[in-house]
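Topology and contacts: notes
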Amino acid sequence: MERPAWAPQGIDLNVPSVSRMYDYYLGGSHNFEVDRETARQAIRAWPGLPKIMQANRAFMRRAIRFAVQEGITQFLDIGSGIPTFGNVHEVAHALDRSARVVYVDNDPVAVAHSRAVLEGDQRVAMVSADFRSPQDVLGSPETENLLDLDRPVVLMLVALLHFIEDRDEPRKCVAELARRLAPGSLLVLSHGSAEGGPPRDGGAALQEVYSAASAPLVIRSKAEIAQFFEEFEMVDPGLVALPRWRPDSPTEYEDPVVFSGFAGVGRKAGLAE
Amino acid sequence: MTSKDASEEHEKHTSPSPDGSGAADGEDGLRRFARIWSRTVYPATQTSLSRAELEDFLHPLAVRLGEALQTFPFSPAPGREVGEVLVNEAHCTSPEALPHILGVIESYLVLYAGTPDSVGVDEARSRCARLQHAIAAGFALAVRERTLAEQEALSRAALAAQTAVEEALHASETRFRAVFKDATIGIGIADMNGRLRDANGALARMFGHSEEEMRRRNINDWVHPDDAPDVWRLHRELAAGRRDHFRVEKPYQRPDGTVLWTNLTVSLLRDAEGEPRYQLALMEDITERRLLHLRLRYEATHDELTGLPNRTLFAERLDRILTPGNGVSRFGLCYLDIDGFKTVNDSLGHAVGDQLLVAVGERLQSCTTAPAHLVARIGGDEFAVLMSDPQGTEEVTCLARALLAALATPISLDGRELSVRASIGIVEGAAGELEPAEVLRSADITMYRAKDAGGNRYELADPDSEARAIDRHSLTNRLPAALERDEFFLEYQPLIRMSDGQVDGAEALVRWRHPVHGRLGPDRFIPLAEHTGLIVPLGRWVLEQAVAQTCTWAGGQPLRVNVNLSPRQLHHPDLVPDTIAVLEAAGVAPSSLCLEVTESALIGADEDELKPLWQLAEIGVDIALDDFGTGYSNLANLRKLPATTLKLDRSFTQGLQRHPADPVDLTFVEGIVSLAHALGLAVTVEGVETESQADQLRDLGCDTAQGWYYARPSSPGEFARDWATAG
């Protein structure tokens, strides 16, 4: 007999977690040796990986700033992982004290840690749900309490979709989320790719490393990544390498490795309130 | 990667100064220092600050370090704080970052902070070295504190997550338990030895046990005599791990003696290694549904009146018995039809007829004791008894005799004692040789053979007589072709006017010249034609022939001709226009035609149904009530009928053949004649065979007579020779 979907997943701390590996890349210590060992293998397979993560964090920060400048102060961050530093709510609150942030993750440890860190802040909430079940994300009490879906929301899918396989129909999930958002909402998205950076093996070695982790790595082409924006109109400068999205200092000093991976922001068409 | 960039920066900014302006003092110098520091450190941090922001962040730190160089008494403490801030706020947690941080301080701090006179260059360099030691210590301490804090936070989170999952699991178990406990479907889990480990309330209620009692049971003991043959084989396969599911309908014995019927689904539950661990049984109580199904099936296969198996069930059973390889080697069939049942129905009414059929069914059933014998009502007054594996022909004929004897004992119905006569056709033979349809045809032919031989007997099927036999089936099939090929012909019997012994008219009687069986009387094919509807074209043909024929007889006035009209013709919408058309085509006056309608055909007819007859009567066609006195006569009704003549049935005149005549019959006929005359109706008597009969009937006032005493039916030619000229 198969367990029904609503039965909870168990926790196996021996399986490397992609969120704890991410924390390790960013210099954090919210990780166990299995996470670090796998992360070290990943760095050997794709040297400079931590720099990509840093560029990704920097992009996220610039995108949040852009959103707040646009007057949007509700954030739905799916696949938020382990909070380290420079988290969405920190960046957003530095710009607008009233910003509201809902974090979503399916990793029970990430959820528990986030709840511990966020406790007491009424403007922020943590939802334990899976991107692949948009209903669970949008229908959670935290989302309903904190976000006004009749007004524009920033949907953040930062470094998330390359962990979602095609068979889970990520485009359909994005479309379903987009359908529920008010016109004027923004999609902030970044995604790993073998295009754009130094010549690689296409990411096969890195994928091999991730096959042992809590989620497989799906490396997509720029064209495939662009399809996630189907329900949105691209904001300038479109879908570009991570450092090239509205940089606030010249990009010539950047390590070439950070150009593998794409970032973009889209706006849902229609009349915003 | 980063070390290369760092060393380039390093070289680029080693003496002299990076912008060629040389070392500068104070604020301006430290701003430049911060810029160089930022460029070197940035690649080694994981900060999400931009380069410009990092530079802004580092500038105050540079100022503090610059002040420390110049402050009396010197304290390295600011270095420690700077090291801590770099870790905690700029997120320089990588040990790789430390050499970059210190390298820039070593090379440029003294240069850009400026050296006041109070502190000599050597002293400044010494202080710079001590500040670097302090920064390293502060950095190390902060990294250690941060690492420990994060590890502790992570452990707490992991623990919290575990607890949350366990609680969720517990909640899930509780929900599962609730599903199990409150399900209306019976659920049981047994180990591989069959011991029931858990049973829910629904299952216990179905079995009429407590849940506790259920847990002491072993499912292997639940054998029931009505188990489907393969249930336990399926179960053995499941227990051996060769099958994962099966679904059957299975009965169970309840402690109160009743039987529980279930829709049972059994699934095998395996452990993580794939070994069979438990058997899961889901049971749905279908006892009620099954009863309903059985009742519907019973209703579909049994005759409502007698409760006997009907034609459907009989056909199924016959089919099964005749199918080779079913374990039955021989079969015997008694096909029975009640003699003269129609008369009972007509004279005593359908209710009595039905009671008679019920009684016949009971009598027939009382003759068979073996469960392998099936007594069925095939339809109408036809019954069949089917035997599996009779010892031989003798056992079947023995049964046929027993059936006839059982019916011969008078049946008491509605105050009357009725002795039932029947004709039985017997077919006996080896299974697998004949098709069911062939067996039925053979039985039917044989049964009619018994009827033809006088009835109240049985006959055995035999191929020779069958080849000659005329069965209703083939006759029915041939009827349309017979009409096309002119196989029908008419004979005429005169009607004699009693007053003067002259011919008053003729009754047209139809015959069939069958190419194989020869001449057939109307009793053999008119009921078949009536049944299939061919009676309508056949009746019209008879009418045309008879009307045309009467014109050829006698010079002046055509002879009146009597033509029989069947119930189906009577209700045919074209009766009136067709009749008028025939008369007009022949140029014959309506008064030369008399249509004979049986009394039973008019029983219960309402005004609408009588309308065509009235229309015909109005234009002058005579209407005779045929077979008068055999039906359930309602004399009061006679006034409402358009009849002009009563034809008294031959049964009333039989008693007058004797000499002296039966006084009761005399009185009866006299009464009818006087009644008829009172109503303005003429009376015709049939079946006049003797002179004394003829005399009696004339004395009683009958108007016309018909019978062998005067003439048998004859061909038109003979009729013309003997009678037509006399008219």
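Residues numbered from 1 in each chain as written. Chains lettered and ligands numbered in written order. Predicted model: local features only at pLDDT ≥ 70, side-chain atom pairs only at ≥ 80, totals over all residues.

**Notes on the overall build of chain B**
Worth spelling out the cut-off: Numbering of helices and strands runs from the N terminus, with a helix taken as a DSSP run of H or I at least four residues long and a strand as a DSSP run of E at least two residues long. Here a residue counts as buried when 20 or more other C-beta atoms fall within 10 Å of its C-beta, as exposed when 12 or fewer do, and as partly exposed in between; the C-beta atoms come from the backbone. Two residues form a contact once the distance between their C-beta atoms, set from the backbone, is within 7 Å.
The helix and strand tally for chain B stands at 27 helices and 21 strands. Of all 727 residues assigned to chain B, the portion counted as buried reaches 36%. Taking the intrachain contacts of chain B between residues at least 6 apart in sequence as the baseline, contacts between residues at least 24 apart amount to 63%.

**Details of the overall build of chain A**
Each helix and strand counted, chain A has 10 helices and eight strands in total. Within the span of chain A, comprising 273 residues, buried residues form 52% of the whole. Looking at chain A alone, contacts between residues at least 24 apart form 74% of all its contacts between residues at least 6 apart.

**Some details on the interface of chain B and chain A**
Put simply, the rule reads: As a working rule, the residues Ala, Val, Leu, Ile, Met, Phe, Trp, Tyr, Cys and Pro are called nonpolar, Asp, Glu, Lys and Arg charged, and the rest polar, with Gly in that last group.
Taken together, the contacts link 27 residues of chain B with 28 residues of chain A. Counting only elements with at least two residues in the side of chain B that touches chain A, the list comes to helix H3 (51-70) and helix H6 (121-182) of chain B. Counting residues per element, the side of chain B that touches chain A draws most heavily on H6(B), at 17 residues. Of the residues in the side of chain B that touches chain A, the class split is 13 nonpolar, 10 polar and four charged.

**Let's talk about the sheet that holds strand S5 (residues 276-285) of chain B**
Residue and element names in this part refer to chain B. Spelled out, the test is: A pair of strands is treated as paired once DSSP finds two or more bridges between them. To get an axis, fit a line to the C-alpha atoms, keeping to the stretch in contact for a helix; angles then go from 0 to 180 degrees between the N-to-C directions.
The sheet built from five strands is open, its strands ordered S2-S1-S5-S4-S3 with antiparallel pairing. Each of the sheet's edge strands pairs with one partner strand only, and the pair in question is strand S2 (196-199) and strand S3 (245-253). For this sheet, the mean angle separating the axes of adjacent strands, direction not counted, is 25°. One ladder, built from six bridges, connects strand S1 (residues 186-191) with S5; its direction is antiparallel. Note on S5: the bridge partner recorded for Gly 186 is Met 283.

**Some remarks on the sheet that holds strand S11 (residues 422-430) of chain B**
All names here are of chain B. Strand order across the open sheet formed by five strands is S7-S8-S6-S11-S12, with mixed pairing between neighbours. Since the sheet does not close on itself, it has two edges, and those belong to strand S7 (374-379) and strand S12 (457-460), each with one partner. This sheet shows a mean twist of 20° between the axes of neighbouring strands, independent of strand direction. Summarising the sheet, S11 and S12 pair through four bridges and their orientation is parallel. In the strand pairing of S12, Ser 423 is matched with Arg 457.

**Quick word on the pairing of strand S18 (residues 622-628) of chain B**
All names here are of chain B. Counting buried residues in S18 gives six out of seven residues, a clear majority hidden from the surface. In the sheet, strand S17 (residues 593-598) pairs with S18 via five bridges, with the strands oriented parallel. By the bridge assignment, Val 597 is partnered in S18 with Leu 625. The pairing of S18 with strand S19 (residues 645-648) spans three bridges and is parallel. Looking at S19, one finds that Ala 624 is bridged to Thr 645.

**Examining the environment of Ala240(B)**
For Ala240(B), the position within the fold is in the loop between helix H9 (231-239) and S3. Residues Ala240(B) and Pro276(B) lie 36 residues apart in sequence; the distance between their C-alpha atoms is 8.0 Å.

**As for the nonpolar core**
To be explicit about the condition: One nonpolar core equals one set of buried Ala, Val, Leu, Ile, Met, Phe, Trp, Tyr and Cys residues connected by C-beta atoms within 7 Å.
Counting 85 residues, the largest nonpolar core has Val154(A), Leu155(A), Met156(A), Leu157(A), Leu187(A) and Val188(A) as its most contacted members. Of all the elements, helix H3 (residues 49-69) of chain A adds the most residues to this core, at 10 residues. Sequence-distant contacts of Val154(A), defined by excluding residues within four places in its chain, comprise Ala67(A), Ile72(A), Gln74(A), Phe75(A), Leu76(A), Leu186(A) and Val188(A). Listed in part, the 61 residues of the second largest apolar core include Phe488(B), Leu490(B), Val510(B) and Val561(B).

**Brief notes about helix H8 (residues 170-180) of chain A**
Residue and element names in this part refer to chain A. Quick note on the threshold: Taking the helix axis as origin, the arc is that swept by the directions to the C-beta atoms.
Within H8, the full set of buried residues consists of Pro 170, Cys 173, Val 174 and Leu 177. The arc that holds every buried residue of H8, seen down its axis, measures 100°, which confines them to one face. Facing away from the buried side of H8, by more than 90 degrees, are the exposed residues Lys 172 and Arg 179. Where H8 is buried, its residues touch helix H6 (134-139) and strand S4 (154-158).

**Side note on helix H25 (residues 663-678) of chain B**
Residue and element names in this part refer to chain B. Put simply, the test is: For a helix, the expected span equals 1.5 Å multiplied by the residue count minus one.
With 16 residues, H25 ought to run about 22 Å at 1.5 Å a step, and its terminal C-alpha atoms sit 22 Å apart, in line with that. Residues of H25 that are buried: Val 669, Ile 672, Val 673 and Ala 676. Down the axis of H25, the smallest arc covering the buried residues is 100°, so these residues share one side. More than 90 degrees from the buried face of H25, the exposed residues found are Pro 663, Val 664, Thr 667, Gly 671 and Ala 678. Elements in contact with the buried residues of H25: S19, helix H24 (650-654) and strand S20 (682-685). In the segment just after H25, Gly 680 is the residue with positive phi, at about 80°.

**Considering the confidence of the model for chain A**
Note the following rule: Each residue carries a pLDDT score, the predictor's own confidence in it, on a scale running from 0 to 100.
Confidence in the prediction of chain A, expressed as mean pLDDT, is 89, and 93% of residues score 70 or more. Low pLDDT (under 50) marks residues 1-8 of chain A, which in the prediction has six contacts with non-local residues, meaning those over four places away or in another chain.

**Section: the packing of H3(B) against helix H4 (residues 77-88) of chain B**
What describes two packed helices is the angle between their axes and the distance between those same axes. Residue and element names in this part refer to chain B. Stated precisely, the cut-off is as follows: Comment on the angle field: the value is read as roughly parallel under 35 degrees, roughly antiparallel over 145, roughly perpendicular from 65 to 115, and oblique elsewhere. Crossing handedness is defined as follows: a turn of the near helix away from the far one that is anticlockwise and smaller than a right angle gives a left-handed crossing, while the clockwise case is right-handed.
Close contact between H3 and H4 brings their axes to 9 Å; oriented N to C, the two are set at 165°. Taken as axis vectors, H3 and H4 run roughly antiparallel relative to one another. With respect to the hand of their crossing, H3 and H4 are arranged in left-handed fashion. Contacts from Leu 61, Arg 64, Leu 65 and Ala 68 of H3 reach H4 at Pro 78, Gly 79, Val 82 and Val 85. Tallied by class, residues from the contact of H3 with H4 come to six nonpolar, one polar and one charged.

**Regarding unusual backbone geometry**
Residue Pro237(A) follows Asp236(A) across a cis peptide bond; omega there is 5°. With respect to the helices and strands, Pro237(A) occurs in the loop between strand S6 (232-234) and strand S7 (240-241). The omega angle of the peptide bond from Phe72(B) to Pro73(B) is -20°, so this bond is cis rather than trans. Mapped onto the secondary structure, Pro73(B) falls in the loop between H3 and H4. One non-glycine residue, Asp389(B), lies in the positive phi region at around 50°. One can find Asp389(B) in the loop between strand S8 (382-388) and helix H14 (393-408). Not every positive phi belongs to a glycine, and Asn456(B) is a case in point at roughly 50°. Of note, Asn456(B) is situated in the loop between helix H15 (436-452) and S12. Look at Asn456(B) and you get partly exposed, because 18 C-beta atoms sit within 10 Å.

**Some thoughts on the environment of Gln54(A)**
Among the secondary structure elements, Gln54(A) is positioned in helix H3. Residues within four places of Gln54(A) in sequence aside, it is in contact with Leu26(A), Gln46(B) and Ser48(B).

**Topic: the confidence of the model for chain B**
Residues and elements named next belong to chain B. Summing up the model confidence of chain B, the mean pLDDT is 86 and the portion of residues at 70 or higher is 93%. Predicted confidence for residues 1-24 stays below pLDDT 50, and this span has 27 contacts to residues more than four positions away or in other chains. Here the complex is predicted with pTM 0.52, and the ipTM for its interfaces comes to 0.86.

**Regarding the packing of helix H21 (residues 575-586) of chain B against helix H23 (residues 607-619) of chain B**
Residues and elements named next belong to chain B. It is the contact of H21 with H23, at a shortest axis distance of 9 Å, that shows an interaxial angle of 25°. In terms of axis orientation, H21 runs roughly parallel to H23. Taken as a pair, H21 and H23 cross one another with a handedness that is right-handed. Contacts from Leu 575, Val 576 and Thr 579 in H21 reach Pro 612, Gln 615 and Leu 616 in H23.

**Description of the environment of Val179(B)**
Among the structural elements, Val179(B) can be located in helix H6. As a C-alpha pair, Val179(B) and Asn200(B) span 21 residues in sequence and 9.6 Å in three-dimensional space.

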